[in-house]
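Structural features, examined
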Amino acid sequence: MSSTNNAPPSTAAASKRPKYSKFTQQELPACKPILTPRWVISAFMLISIIFVPIGVAALFASRDVIEIVDRYDSVCVPANETDKVKYIQTPGFKTCNRTLTVPKHMKPPIFVYYQLDNFYQNHRRYVKSRNDQQLRDSKEANSVSGCKPEDYNNNSAIVPCGLIAWSLFNDTYSFSRKNVPLNVSKKDISWKSDREHKFGKDVYPQNFQSGSLIGGAKLDSSIPLSEQEDLVVWMRTAALPTFRKLYGRIEVELQENDVIDVTLGNNYNTYSFNGKKKLVISTTSWLGGKNDFLGIAYLTVGGLCFFLAVMFTIIYLVKPRQLGDPSYLSWNRNPGWH
Amino acid sequence: METSNHAIERASSVNSLSRRSVSSIQSKMSGGNSLKEVSVAELGSKRVRHGSSRGGDSEFFSMSLKEINDEDARLVYINDPERTNEKFEFAGNEVRTGKYSLITFLPRNLFEQFHRVAYIYFLVIAILNQLPQLAVFGRGASILPLAFVLFVTAIKDAYEDYRRHRADKIENNRHALVWNNGQFQSKRWKDILVGEVIKIKVNETLPCDMVLLSTSDPTGVAYVQTINLDGESNLKTRYAKQETLSRSPEREKIAGLIKCEKPNRNIYGFQANMELDGKKLSLGPSNIVLRGCELKNTAWAVGVAVHTGRETKAMLNSSGAPSKRSSLETRMNLEIVILSFFLITLCIVVSVGAAVWLKHFEDRLDSIVFYHKKDYSKGTVDIDNYNYYGWGMEIFFTFLMAVIVFQIMIPISLYISMELVRIGQAYFMVRDTNMYDEASDSRFQCRALNINEDLGQIKYVFSDKTGTLTENKMEFQSASIGGVDFSHTKASMQGDQVAYMVKVDGKVMKPKVTVKANPELLRLARIEKDSPGESYIHNFFLALASCNTLVPFVIDTSDPAVKIIDYQGESPDEQALAYAAAAYGYMLIERSSGHIVIDVQGEKQRFNVLGLHEFDSDRKRMSVILGCPDKSVKVYVKGADTTMFSVIDRSFQEQVVHATENHLHSYSSLGLRTLVVGMRELSSLEFEQWHSTFEAASTALLGRAALLRKVASNVEKKIKVLGASGIEDKLQQGVPEAIESLRAAGMKVWVLTGDKQETAISIGYSSKLLTGNMTQIIINNNSKESCRKNLEENLLMSKKLMPDSAIGSDAARSSDAGKVQLALIIDGTSLVYVLDSDLEEQLFQLASKCSVVLCCRVAPLQKAGIVALVKKRTADMTLAIGDGANDVSMIQMADVGVGISGQEGRQAVMASDFSMGQFRFLIPLLLVHGHWNYQRMAYMIIYNFYRNSVFVFLMFWFTLFTGFTLTTAITEWSSVLYSVIYTSFPTIVVGILDKNLSRRTLLEYPQLYGSGQRDESYNSKLFWLAMADTLWQSIVVYFIPLFAYWNSTVDISSLGDLWTIAIVIVVNLHLAMDVIRWSWITHAAIWGSIFATCLCVIIIDAIPMLFGFGAIFEIGKTSLFWALLLIIVVAALAPRLAIKVLYQYYRPNDIQIAREAEKYGNLRQVEQLEVEMNSMMTANQRR
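Every value quoted in this text rests on a predicted model; they were computed, and no experiment measured them.

**Regarding the overall build of chain A**
Looking only at helices and strands, chain A features 9 helices and 11 strands. Relative to the 2.2 N^0.38 estimate, which gives 20 Å for 338 residues, the radius of gyration of chain A is 32 Å and therefore markedly larger than a compact globule would have. The burial tally for chain A puts 52% of its 338 residues in the buried class. Within the structure as shown, chain A displays about 15800 Å² of accessible surface, and the carbon and sulfur contribution to it stands at 57%. Computed over 41 positive and 29 negative side-chain charges, the inter-centroid distance for chain A is 11 Å.

Structure representation (structure tokens):
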């Protein structure tokens, strides 16, 4: 292939010769990494070296978390009530007492959660049934688009409208240890950004939960939405059908074998869809709550990478191949080309 | 003779019709005092005509004589535009190449854009989404991507249209002289009307299609250059009708009616007749000059406008190249169908899930707080269902919503990316300095933008010979004159190059092209000029100088005393012969209708051209009848040996004929193009006879062509052989090397030529197509039966030679191919019996066993037939390369058509998908760019499938946890931006810029091209691997966070953000893992995309109005988020990395080895091995 470069250059103005540049000739300087065995083995090795300690640490963190879970949805229905749905739908405050034993010393902050199972807060009908404009701005009280069927009641707009607010969780918990009430702080349980920007300081509940069908908790219409933290927490819809929501914080230490009496207000109807209700009292670690999964996952991946590194080393030692060895070219393997 | 033949044929089809009598014109011009008349008078007032006799004419002639149906006709009243335009609204001469006006822009542009299926898919989904029951995404988010694409395209179209409008404005406001109120007045082009008489001056561009009425030339000849129309730079002759010649409007009022065909786009055809003074004249393509042409060498021309504006042939022809679809894209459709199947499956799964879920809770739906089936807001009495249409409808809606949510499973964005990538690839191909042709100053051109990647998969190359393998610059090499061989090969060894020049009127004239002359012949020519009578040499060169249709043009040089003579003509062979004659002292310096002036060894002599029988493909010769200065009349004939030897008179020159035959044979085996030259002196009786029949024939209205042919054959007999010429059609630079590379790359090269078999074979040898150790199978048959027999025998033989090759296993083929290589040579006559018959299959069988196929003497349509024969029987990609009009059908038939922008005009280029200056550029085009394009595009397609489905699967898994209600955790904006911003740039950049191997390596090892031929980068195995990987990665990305956040307080937006960022990182790193060359652009694209994604997620979460406000800031504070990101990325990509490493290391493909070799400098070893292998092979072959 003799190039045309050696011919005398024609006049620059008339010539259509493409201008030479490294870019147009696709010759930009570039790095061409190749997966060499050494590189691959060290990469896998490195991964396992990093992952195994993380996994161990995560597992330890998860083990350090003390968690008390108490399912109360069926226990709190009197045994003589056959129709749980009917029971829960009857008006009136239904109390229920539970006793919990602290398995291990718990350091504050100790978080109190309620956990709902089988509650599809991510259901399409539900998750969109809200109006963020109305929640922010007192002037937008009549913006109820998307809130149907909980938008108007008696021809006046509901604030906060929509299914989510309407179905606000209304079980209550109060704790006492040795007949001394344990204070549950309900402040700052929601996101700061939500309180400051998403829920207005001058937006007050109105016409709420006044319809014929009561979905859940009522709201004190003298407190602005931004301070109704249970609502703010509830409105952060959960990702999965089984979820916890923060109820409050206990700011005192709990000792091992402490017995805590819980007085429950069992009002929330999960019975119609076989939802479970659980009360959870838990400490946290740097990784969050009690969940061994992450630690196990890290250990597994780290272990597998170690295994791969070892395997590649063995293969490399047993059956090495020189990189760029031309005898592997297909036309050299089958001599003669056509 | 291939190219010259067709060139002449083409020319004659244009102007054959109206080579009208010279003398009859003059008889009408009462006071004519032209030189010619005098010369004719000298001859005894013999009136002569030019005549032509071409096969196609008779048909055409009878056609044109037929009354053109009044409904189909266009009536043009000459010089009466009012009346012309009264009844019919002909288009004005204003041209509008712009497609849109301000008002029509929006509707028309949208209409055109929606011709794409992809956009309609987009639109249907967007419309579905607008139904309140199905609104999955918000209005904005669902329309935005489509709107964006439409908007960008519209802006691009608007800009292009603006430029067209501007160009139109300039064009429309040019001025031309139009006859008006008794004088020619300047008028703007756009105001010209059909029927107006227009005067064009030399070097002016024609404003519309017009029928010539008269020109400055007394015989009505006008020369036009059609470079704007078909790109041919040589001059074409057009004629005014003799009847109209005298009637220039200045002299006498002209009125008449032209009935012509409706506007059409055939630039080589025109049918009309003119009624003038009650007489009917027929008009043909040679009487019309077309818009866009330039008038040359003619002081002025007057014509009447017949087609104007958008109805002109130039405007009707301004359309793009035919569109082809790349094979990759066709293959891809299968995978698209599979993906649609996935899509439907996913939707069905969701619907079934929803059905079961709804059934399960059916009676409790109202009391489930998160469902709330009934609407109580209007009191408790009359309770309606809220947004619930019954079980069946809900399922149906779920299905439709699933389609909306999972729509990107069908990677619509892929089509847009592919177009962008192809534009980028084309940019680099065009800019490649290695494909720039210095000689013709032409760049590589991409005329079709949608088959770039096909260039990497070619298996069959069909090549024209003349102009493609060879330069089509003819060089006079050998002459056999009077039985004596004067070959230039000896002369050139002495390095004697003669630049012949003569002095005319005190000025030195020299031919433009110098020819190496044989000094012996030169000497003889000079001596013999004194005894011209019977001299072979004199007559031989006189024949070369006169027996042609060339027009000499005198060009000024920087030195005022020196002029250069340039022979303009359609046939390079004729040019070569004329330059040769000039070099030996017979210089044609002037041609006007009726006479030519030849400078014979410094002495100007005038010859009267009494008649000319043009070349036609039946006679395969042309002749000219000259009235010589010594009052004798001679016929000079030149033509192909096959037809010439049948008309020569052997009786008195047996020896000369024999010697000439021998020389001819040796010339053609050297690969020279041969012509035989002969002459005969006519007695005055013979001349009279000929003249009267010729006159009668050329005025005949019916069957003129046949009559003229008869006249020609009557006079072309008893020819005395003067000699023969051998013209070398030089091989283009680098052709043998290119062919070697192509064959090494596993391509089968077929050469299809119109040349003689011997010439073709000799060119085959010189271009290394044929080698000494090949077994040649030659098929020349004259009947179908013998053809069948021959084919069958050879098939058997080839089977014996190669027991189970060709279709057999690769190993068998490659080991056997080393021993015997077959070359099939077949001629056009045999092909007549083979093509379109049951023998096709046998020919294909035989041809597929041969490494080389050479087809000689093939007609243009046969070329296409051969390509079709292969195309029909294999899935392999075919490429056709050619330069002439005769290659157009083949270029259009093949999967990839390449045009050589060479000597022979531009029809081939116009029909081609790619065009370039030299045959050898095929090597960088295929081996380098084709290889890259294929690898890039193939990778990009699979990657896009993966990229979109992994996202869909991610959303699908989530759907299973939302009661099958198609809630998306990922914000709608992110899901819209996913294929627009988050992941699109890297794939486009990689699709344009990534190179798996360097240019040098690819050129050094043509075998690497095989990876494209074997579909190594795109096949169903890779697709399914990618899909398995998709499944794994989507599971990892989805389920790791799911389990980690099980029983936690995580909200839907935070988890959605984690999934978004994780999937984008995984998808981009997946690409990064496969990138081979990391230039700064690649870095910027990949890391930039990840960065842009994070930025977008942050921005989306910073808008309080949106649902997910603040989520990324909250979740970003937790260490779990970062720990999850890390493990997701590693766990998702580790299996791919491991498998990739295993594959690369233990089952490396050629590209992998070559890459390693490139990096670790083992190239030298490779070379050494190569040499060993080669020597082993050749040793094998010899055995």
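**Some points on the state of the cysteines**
Residues and elements named next belong to chain A. Going through the model one piece at a time under the given rule, you end up with 2 disulfides over all chains. Covalently, Cys76 is tied to Cys96 through a disulfide, its sulfur atoms 1.9 Å apart. Judged by the sign of its S-S torsion, about -70 degrees, the cystine formed by Cys76 and Cys96 is left-handed. With a gap of 20 residues between them, Cys76 in the loop between strand E1 (67–71) and helix H2 (84–89) and Cys96 in strand E2 (residues 95–101) connect regions that are remote in the sequence. Cys96 shares its class with Cys76; the two are buried.

**What to know about the sheet that holds strand E11 (residues 276–282) of chain A**
Within a sheet, neighbouring strands are paired by backbone hydrogen bonds and run either parallel or antiparallel to one another. All names here are of chain A. Taken together, the 5 strands give an open sheet; going across it, the order is E1-E11-E3-E9-E8, and neighbouring strands pair in antiparallel fashion. A single partner strand is all that each edge strand has here, and the edge strands are E1 and strand E8 (184–185). Bridge count for E1 against E11 is 5 bridges, and the pairing is antiparallel. Following the sheet pairing, Asp70 is matched in E11 by Leu279.

**Points about the pattern of salt bridges**
Residue and element names in this part refer to chain B. Under the criterion given, the structure shown has 50 salt bridges over all chains. Between Arg422 and Glu329 there is a salt bridge whose closest N-O contact spans 2.8 Å. Of this pair, Arg422 sits in helix H14 (residues 412–431) while Glu329 sits in helix H12 (residues 327–360), placing them 93 residues apart in sequence. Assigned by exposure class, Arg422 and Glu329 land together as buried. Residue Asp1150 is joined to Arg1014 by a salt bridge in which the shortest nitrogen-to-oxygen separation is 3.5 Å. One end of the pair, Asp1150, is in helix H42 (residues 1150–1160); the other, Arg1014, is in the loop between helix H36 (1010–1013) and helix H37 (1020–1044), with 136 residues separating them in the sequence.

**Some points on the packing of H12 of chain B against H14 of chain B**
Residue and element names in this part refer to chain B. At their nearest, the axes of H12 and H14 sit 13 Å apart, and the two run at 160 degrees to each other. Taken together, the axes of H12 and H14 are roughly antiparallel relative to one another. Our pair here, H12 against H14, has a crossing hand that is right-handed. Contact residues: Glu329, Met332, Asn333 and Ile336 in H12; Leu414, Tyr415, Met418 and Arg422 in H14. Of the residues belonging to the contact of H12 with H14, the class tally is 5 nonpolar, 1 polar and 2 charged.

**A few points about the interface of chain B and chain A**
Across the boundary between the two partners, chain B contributes 128 residues, which contact 113 residues of chain A. When chain B packs against chain A, the two sides together hide about 11000 Å² of surface, and 61% of this comes from carbon and sulfur. The largest share of the area that chain B buries against chain A comes from Val369, Phe370 and Tyr1145 of chain B, three residues that together contribute 7% of it. Applying the counting rule to chain B against chain A returns 4 salt bridges. The salt bridge partner of Arg17 of chain A is Glu438 of chain B, with a shortest N-O separation of 2.5 Å. Counting the contacts that link chain B with chain A gives 33 residue pairs in polar contact (both at pLDDT 80 or more). In terms of residues, the side of chain B that touches chain A owes the most to one element, helix H41 (residues 1119–1146) of chain B, which gives 17 residues. In the side of chain B that touches chain A, the residues fall into 70 nonpolar, 30 polar and 28 charged.

**Remarks on unusual backbone geometry**
Along the chain, Pro108 of chain A connects to Pro109 of chain A via a cis peptide bond; the corresponding omega equals 0 degrees. Tracing the backbone shows Pro109 of chain A in the loop between E2 and strand E3 (110–117). Omega for the peptide link from Val159 of chain A to Pro160 of chain A comes to -10 degrees, which places this bond in the cis form. Even without a glycine there, the phi angle at Asn207 of chain A is positive, about 60 degrees. You can call Asn207 of chain A partly exposed: its relative accessible area is 22%. Backbone geometry at Lys768 of chain B places phi at a positive 65 degrees, although glycine is not the residue there. In this structure, Lys768 of chain B sits in the loop between helix H24 (757–766) and strand E34 (774–779).

**With respect to the sheet that holds strand E3 (residues 183–188) of chain B**
All names here are of chain B. Strand order across the open sheet formed by 6 strands is E3-E2-E4-E13-E5-E11, with antiparallel pairing between neighbours. Bordering the open sheet on either side are E3 and strand E11 (288–289), each of which pairs with just one other strand. Where strand E4 (residues 197–201) and strand E13 (residues 300–307) come together, 5 bridges link them in antiparallel fashion. Across the sheet, residue Lys201 finds its bridge partner in E13, namely Trp300.

**Section: helix H39 (residues 1080–1101) of chain B**
Residue and element names in this part refer to chain B. The end-to-end C-alpha distance of H39, which contains 22 residues, comes to 31 Å, matching closely the 32 Å that a straight helix rising 1.5 Å per residue would cover. Most pronounced at Gly1088, the bend in H39 amounts to some 25 degrees. Along H39, the residues that are buried comprise Ile1081, Thr1082, Ala1085, Ile1086, Ser1089, Ile1090, Thr1093, Cys1096, Val1097, Ile1100 and Asp1101.

**Comments concerning a nonpolar patch on the surface**
All names here are of chain A. A cluster of nonpolar side chains, namely Phe306, Val310, Ile314, Tyr316, Leu317 and Val318, defines an oily patch on the protein surface of about 580 Å² accessible area. When you line up the elements, Phe306 lands in helix H8 (residues 293–318). What makes Phe306 partly exposed here is its relative accessible area of 42%.

**A look at the confidence of the model for chain B**
Residues of chain B with pLDDT of at least 70 account for 84%, and the chain-wide mean is 79. Reported confidence for the predicted complex is 0.93 by ipTM and 0.79 by pTM.

**Details of H42 of chain B**
Residues and elements named next belong to chain B. Extensive coverage of H42 is indicated by the burial of 9 of its 11 residues. All of the buried residues along H42 are Asp1150, Ile1151, Gln1152, Ile1153, Ala1154, Arg1155, Glu1156, Ala1157 and Glu1158. Following H42 by one or two positions, Gly1161 has its phi on the positive side, about 65 degrees.

**What about the side chain of Ser129 of chain A?**
Residue and element names in this part refer to chain A. The residue Ser129 is located in the loop between helix H3 (124–127) and helix H4 (132–136) in this model. A relative accessible area of 1% places Ser129 in the buried class. In contact with Ser129, not counting residues within four places along its chain, are Gly146, Cys147, Lys148, Cys161, Gly162, Leu163 and Ile164.

Rules and cut-offs
Residues numbered from 1 in each chain as written. Chains lettered and ligands numbered in written order. Predicted model: local features only at pLDDT ≥ 70, side-chain atom pairs only at ≥ 80, totals over all residues. Heavy atoms only, no water. Helix = DSSP H or I, 4+ residues; strand = E, 2+ residues; numbered from the N terminus. Rg over C-alpha atoms; globule rule 2.2 N^0.38 Å. Buried < 20%, exposed > 50% of the residue type's maximum accessible area, 1.4 Å probe, protein only. Areas by Shrake-Rupley, 256 points an atom, 1.4 Å probe, with all protein chains shown as cover. Lys, Arg positive; Asp, Glu negative; His and termini not counted. Charge placed at Lys NZ, Arg CZ, Asp CG, Glu CD. Disulfide = S-S within 2.5 Å. Pairing = 2+ DSSP bridges. Salt bridge = Lys/Arg side-chain N within 4 Å of Asp/Glu carboxyl O. Axes fitted to C-alpha atoms, helices over the stretch in contact; angles between N-to-C directions. Parallel < 35°, antiparallel > 145°, perpendicular 65-115°, else oblique. Left-handed = near helix turned anticlockwise from the far one by under 90°. Contact = heavy atoms within 4.5 Å. Nonpolar A, V, L, I, M, F, W, Y, C, P; charged D, E, K, R; others polar. Buried area = accessible area lost by both parts, 1.4 Å probe. Polar contact = N/O pair within 3.5 Å; in protein donor to acceptor, adjacent residues only side chain to side chain. Expected span 1.5 Å × (residues − 1). Bend = angle between axes of the 7 residues up to and from the residue. Patch = residues over 30% accessible without salt bridge, like charges linked within 9 Å, V, L, I, M, F, W, Y side chains within 5 Å. pLDDT = per-residue confidence, 0-100.

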